[in-house]
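# What the coordinates show
Residues per chain, in single letters:
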Amino acid sequence: MRIDVMFKKFIVFSFLFQLLNISAQSPVNRFDSNGLRTGVWMKKYSNGNIRYQGQFENGKEVGVFKFYSEFYSNHPLIIKTYLEGSSICDVQFFTKTGVKESEGRMQDKNRIGVWKYYDTSGKNILLEETYKNGELSGVRKVFYPDGSLTQVSHYKKNLLDGESLRYTDKGKLISRVPYKEGQIHGKVFYYHNDGVIRETGFYDMGKRVGRWEFYIDGELAGVEEPNKKKEKPVITLEELESRKEKKSTKK
């Protein structure tokens, strides 16, 4: 009787072991009945290192995908996490040692929304950019190592468009420059590092125009109008006759 029970336990154990073994050895890189990728997929480089691994459903990427360097496979260089029922994924880029370099979202192959770029520690943000359909479009922020702002700009279709501000590491504004279609356009303001006005004037699509004012210790010290036409000096009749006489004398 005891031998009978032990034998039955052995049969059950063997069956469970076989199921686990089959599950662990489930095939990869499969296609479903419609010829679409399904289940776990893994590709390798010619040297045998993993190139990428992830999972498909009905031919679409789902969940987490990891991409590796051909020669450094200890940590993925790229991790993509696909949102359920969407072509949008959260993306993270890493160095070969696993330090985060940047992160943001992609739709298909285009960057969208806010992207963050980190320093060599992978913790402090040095740059934030805003994308629309793969193009730089929106606010762009640059930071000092301590996290304070050094520059805030606006872009439209990869070109500067809107006001661009720059700051010292103490938070003082040192320039206010408007842009249009990548060119400086409008009234600009330049300041000393202590925030006191230094110079102001106008640009018309990248060219200095109009009245420019220059300051010393915050007080107006000079004015310049670079494109103002200079009037020709008026010559009197007496001066004209004098010039003629000088010419005739030389002859």
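About the thresholds
- Residues numbered from 1 in each chain as written.
- Predicted model: local features only at pLDDT ≥ 70, side-chain atom pairs only at ≥ 80, totals over all residues.
- Heavy atoms only, no water.
- Phe/Tyr/Trp six-rings, centres within 6.5 Å; stacked < 30°, edge-to-face > 60°.
- Helix = DSSP H or I, 4+ residues; strand = E, 2+ residues; numbered from the N terminus.
- Buried < 20%, exposed > 50% of the residue type's maximum accessible area, 1.4 Å probe, protein only.
- Salt bridge = Lys/Arg side-chain N within 4 Å of Asp/Glu carboxyl O.
- Contact = heavy atoms within 4.5 Å.

## A look at the packing of aromatic side chains
Aromatic ring pairs are reported here in terms of the distance separating the ring centres and the angle at which the planes meet. According to the stated counting rule, one finds nine aromatic pairs in the structure shown. Their ring planes at 75° and their centres at 6.0 Å tell us that Trp41 and Phe56 sit as a pair that is edge-to-face. Of the two residues, Trp41 sits in strand 2 (residues 37-44) while Phe56 sits in strand 3 (residues 50-57), which places them 15 residues apart along the sequence. Judged by relative accessible area, which is 3%, Trp41 ranks as buried.

## Remarks on the pattern of salt bridges
If you walk through the whole model with that rule in mind, you get seven salt bridges. Across the pair Arg105 and Asp90 runs a salt bridge whose closest N-O atoms are separated by 2.7 Å. Of this pair, Arg105 sits in strand 7 (residues 100-107) while Asp90 sits in strand 6 (residues 88-94), and the two are 15 residues apart along the sequence. With a closest N to O distance of 3.5 Å, Glu199 and Arg198 form a salt bridge. Relative accessible area serves as the criterion here: at 32%, Arg198 is assigned to the partly exposed category.

## Regarding the environment of Ile184
On the secondary structure map, Ile184 appears in strand 16 (residues 183-184). Each C-alpha atom of the pair Ile184 and Glu163 lies 9.4 Å from the other, and the pair is 21 residues apart in sequence. Setting aside residues up to four positions removed in sequence, Ile184 forms contacts with Val177, Pro178, Tyr179, Tyr203, Asp204, Met205 and Gly206.

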